[in-house]
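# Results of the structural survey
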Amino acid sequence: MENLSRARQVLMESVRTIHTKDPKMLAAGIGAVILTGYGAQALVTALYNSGDPEDTAGTVLRKVVSQPSLLIYGSSSRRESAQKERVSKTKSIAVDREFFMRILRILRIILPGVRSKEAWILFLHSTCLFARTFLSLYIAHLEGSMVKAIVETDGYGFAFRITQWLGISIPATFINSAIRFLESSLALAFRTRLVRHSYDLYFNNQTYYRVGNLDSRIANADQNLTEDITNFCESIAHLYSHLTKPVLDVVIMTWSLVSMANQGNAQSGLPALLATTVLYITFKLLRMASPKFGKLVAEEASRKGQLRYCHSRVITNAEEIAFYSGHEIEQKLLWQKYKAVAQQMTLIFRKRLWYIMLEQFLMKYLWSASGMSMVAIPILTADPVNEDGSPIEDREATSLRSQAYTTAKNLLINAGDAIERILSSYKEITELAGYTARVSEMLAVFEEVGSGKYIRATVSSGKTSEDKNAVERVHKPLAIEGDVTTTDDSLIIAQDLPIITPTGDVVVSSLSLKIQEGMHLLITGPNGCGKSSLFRILCGLWPAYGGVLVKPDAKHMIFIPQRPYMSMGTLRDQIIYPDNAEEMKIKGFYDNDLEDILEIVNLKYIVVREGGFDAVNDWRDVFSGGEKQRMGMARLFYQRPKFALLDECTSAVSIDVEGKIFVRAKDAGIILLTITHRPSLWKYHTHLLQFDGEGNWRLEELNIATRLSLNEEKQRLEGQLAGIPRMQQRLHELCEILGEDSVLKTSVATPQGGEEKGEGNGASSSPEADKN
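Residues numbered from 1 in each chain as written. Predicted model: local features only at pLDDT ≥ 70, side-chain atom pairs only at ≥ 80, totals over all residues. Heavy atoms only, no water.

### Some words on the overall build of the protein
Scanning the protein from N- to C-terminus turns up 27 helices and 13 strands. Counting all 772 residues of the protein, 41% fall into the buried class. Put simply, of all contacts in the protein between residues at least 6 apart along the chain, 74% involve residues at least 24 apart. Summed over its atoms, the accessible surface of the protein is roughly 43600 Å², and 56% of this surface lies on carbon and sulfur atoms. (Helix = DSSP H or I, 4+ residues; strand = E, 2+ residues; numbered from the N terminus. Buried < 20%, exposed > 50% of the residue type's maximum accessible area, 1.4 Å probe, protein only. Contact = heavy atoms within 4.5 Å. Areas by Shrake-Rupley, 256 points an atom, 1.4 Å probe, with all protein chains shown as cover.)

Set out below in structure tokens:
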């Protein structure tokens, strides 16, 4: 905060010296000064995005200092749009019609029918809840009878009631334990059903890839699939248990109290009016004071997901972070995410503090006072008589009053506890609304992404006149209008096929090619030109936004990346992935066949070294980089596809082994589409597809001899030109020693990294000199 304040002071001082109508120019002009302060990048962004052309420097800077929201949202229009977005999210997490629609949709998933396992558990759970209510009623009357026996000094009657008490305790304790057991079982059954449904959506049509790469609505799918589903299922099972029994308790206990009052000729109207008034006041006050627990819990879950994601990034990229010595920045990032979680939890704790304080006052003390009054009024106004209408003796009347008081007190306590649970459950319902919103959104996104509907936020940067090499960007939502068909022939046809990234970058506007049996395609070009993007479209990971694409079914293609994925399991599983041992045998492969495959890729020694095909290990750490790539190529010979899409998949393999692998692949009749920068692989291909990185491409037959000759000439020229700076440096030194000049003398770099320009009448070869 001190650095941020210092940066703001620097900005305010700049008002006196800098005056301009263009906030963007101002940001560029003072960027070097304010970058010394922490958070300066946010200040520059605020200036850049102020959006008001009439603003002077001073006006913009004062807005930054006086309006902290500019540090995040920039202009007022952007701030308003962000506020609208937050409001819409807030409205979506509430106990309203949308909440009931969402939970009804999820209930159809976790309760598929009356004969399902979940329905039977729910039936048994409900039966135990009903039985527990009637046991509470019976025990209340039993305690009243025990008090009556004590007042009447009836030892035999007291002993008999105690025996009944002990006898009823056995089923009562069993039912109490069964309620907890069935509640946990119901939550687990709901979770199992919902997880299975979510997994079916998540792994359908490559949704697990597309939801993170083509769609931006879900940041941490693992958080939704694990913690959010668990919290939702536990919350709804617990809420059902804590709402069903209290409602039944209130109905049964109220009916029993009214019946007792009528039997004793007591006043029952005034206690009922008192109870209704107290309940109404309690409900209104708690409703007004209740925080938005749904929104708070949803935000807490979101921040926990971000913290978990950061931890997983550190684990996944531990080696790279260690090489860069990036532990400090990673620790700071994790600490920031943890503090965000802690702040949100502290906010929830504080809001619960005052809410629970009010709740306890109303439900514990106000209700206790009201309950005592409700019990006392019928007893004080009662006029007990015998069946023949004669008055009851004082001793018997005292025992009856004691019995009625004890019974009524127990019934009222049970009813009060039930009402308290019903009112306090509103907080749990709002929390359930947060879990429901996250789970419902996850299911909706999975379904839309699986059906090919993607929504992704894009930044507003595109091709400008100043940046001629910038790729074109599509800002509007992209419509998937490509005609994609599959064929059983060994054929790939693309006509006017655009290569567009998920962020809307048009890498290639139109690509047309035809690959058929007997062709082997070599693909080259600079980074980011669309080589791997083409493979993603052919494999179906990215959609075809236009044109026509005819390609074989996915089972006839295999994609082998530069860093092959090593699965969990045995050594055998690494070769036959994604098949399992049973599927391998169905295909007619056995362990001796796998040994032959490993012989092709020079990995047969792995079997002995690791202890056989049944060895289990963390293969990602066991295999070296070259062994991983050769294991990826082993999968090629196991799958025997029609097409192999190879993306720098042998960059860590020696040239001789690499050549052996490519020869065997061609002999097996596999059509190769290879991305590589190695000239040693040119001879295994017949055609060349070359991208230039500016949206252009060229497809031609590959003349290996000519291309190798040109490549040698290129390397020779690179070696010769690499010596020119050293020669120019030596010429500059000789001119200084001799005190003479040279017509070939030009600007040369000094050893300290600066530049010195030649003087005198010598010609300059700098671009500025040429232009002038």
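### Overview of helix α8 (residues 117-151)
For α8, spanning 35 residues, the distance from its first C-alpha to its last is 51 Å, which sits close to the expected 51 Å at 1.5 Å a residue. One or two steps after α8, the chain reaches Thr153, where phi turns positive at roughly 50 degrees. (Expected span 1.5 Å × (residues − 1).)

### Quick notes on the side chain of Ser126
When you line up the elements, Ser126 lands in helix α8. Reaching out from Ser126, the side chain makes a polar contact with the backbone oxygen of Leu122 at a distance of 2.8 Å. (Polar contact = N/O pair within 3.5 Å; in protein donor to acceptor, adjacent residues only side chain to side chain.)

### Focus: a nonpolar patch on the surface
On the surface, Trp120, Phe123 and Leu124 cluster together into a nonpolar patch covering about 360 Å² of accessible area. Position of Leu124 relative to the elements: it lies in helix α8. (Patch = residues over 30% accessible without salt bridge, like charges linked within 9 Å, V, L, I, M, F, W, Y side chains within 5 Å. Salt bridge = Lys/Arg side-chain N within 4 Å of Asp/Glu carboxyl O.)

### Brief notes about the pattern of salt bridges
Taken as a whole and assessed by the stated rule, the structure comprises 18 salt bridges. Between Glu98 and Arg102 there is a salt bridge, with its nearest N and O atoms 3.6 Å apart. Residue Glu98 and its partner Arg102 are both found in helix α7 (residues 97-110); the two are separated by four residues, about one turn of the helix. Notably, a salt bridge pairs Arg678 with Glu658, separated by 3.1 Å at the nearest N-O pair. Of the two residues, Arg678 is situated in the loop between β9 (671-675) and β10 (687-691) and Glu658 in helix α24 (residues 655-667); the sequence distance between them amounts to 20 residues. Judged by relative accessible area, Arg678 falls into the partly exposed class, the value being 22%. According to the relative accessible area criterion, Glu658 is buried, its value standing at 1%. One salt-bridge network, held together by shared partners, links Asp215, Arg217 and Glu448.

### Some words on the nonpolar core
Core analysis: the largest hydrophobic core is formed by 77 residues, its most contacted members being Leu194, Phe232, Ile515 and Leu673. If one sorts the elements of this core by residue count, helix α9 (residues 155-202) sits on top with 14 residues. Filtering out sequence-adjacent residues up to four positions away, Ile515 remains in contact with Ser490, Leu491, Ile492, Leu521, Phe643, Ile671 and Leu673. Met584, Ala634, Phe637 and Ile661 belong to the second largest nonpolar core, which has 38 residues in total. (Core = buried A, V, L, I, M, F, W, Y, C linked by side-chain atoms within 4.5 Å.)

### Examining the packing of aromatic side chains
On inspection of all chains with the given rule, the structure shows 13 aromatic pairs. An aromatic cluster is present here, built from Tyr199, Tyr202, Phe203, Tyr208 and Phe446 joined pairwise through their rings. (Phe/Tyr/Trp six-rings, centres within 6.5 Å; stacked < 30°, edge-to-face > 60°.)

### Observations concerning the pairing of strand β5 (residues 521-524)
For a regular strand, side-chain orientation follows a simple rule: the groups alternate between the two sheet faces. A two-sided burial pattern is seen for β5, the buried positions comprising Leu521 and Ile523 on one face and Leu522 and Thr524 on the other. Across three bridges, β5 lies against β9 in parallel orientation. Bridge assignment links Leu521 to a residue of β9, and that residue is Leu673. Sheet analysis places β5 next to β10, joined by four bridges and oriented parallel. Looking at β10, one finds that Leu521 is bridged to His687. (Pairing = 2+ DSSP bridges.)

### So, the pairing of strand β8 (residues 643-647)
Of all five residues in β8, five are buried; the element is thus mostly enclosed. Residues Phe643, Leu645 and Asp647 line one face of β8 and the alternating positions Ala644 and Leu646 line the opposite face, and both faces are buried. In terms of strand pairing, strand β7 (residues 557-560) meets β8 through four bridges, oriented parallel. Within β8, the position partnered with Ile558 by the bridge is Ala644. Judged from the five bridges that link them, β8 and β9 form a sheet pairing that is parallel. Bridge pairing in β9 places Asp647 opposite Ile675. For the crossover from β8 across α24 to β9, the handedness is right-handed. (Right-handed = clockwise from strand over helix to strand, strands pointing away.)

### As for the sheet that holds β8
Across the sheet, six strands lie side by side as β7-β8-β9-β5-β10-β11; this open sheet has mixed pairing. Every interior strand has two partners, whereas the edge strands, β7 and β11 (697-701), have only one. Taking each pair of neighbouring strands and ignoring which way they run, the sheet shows an average axis angle of 15 degrees. (Axes fitted to C-alpha atoms, helices over the stretch in contact; angles between N-to-C directions.)

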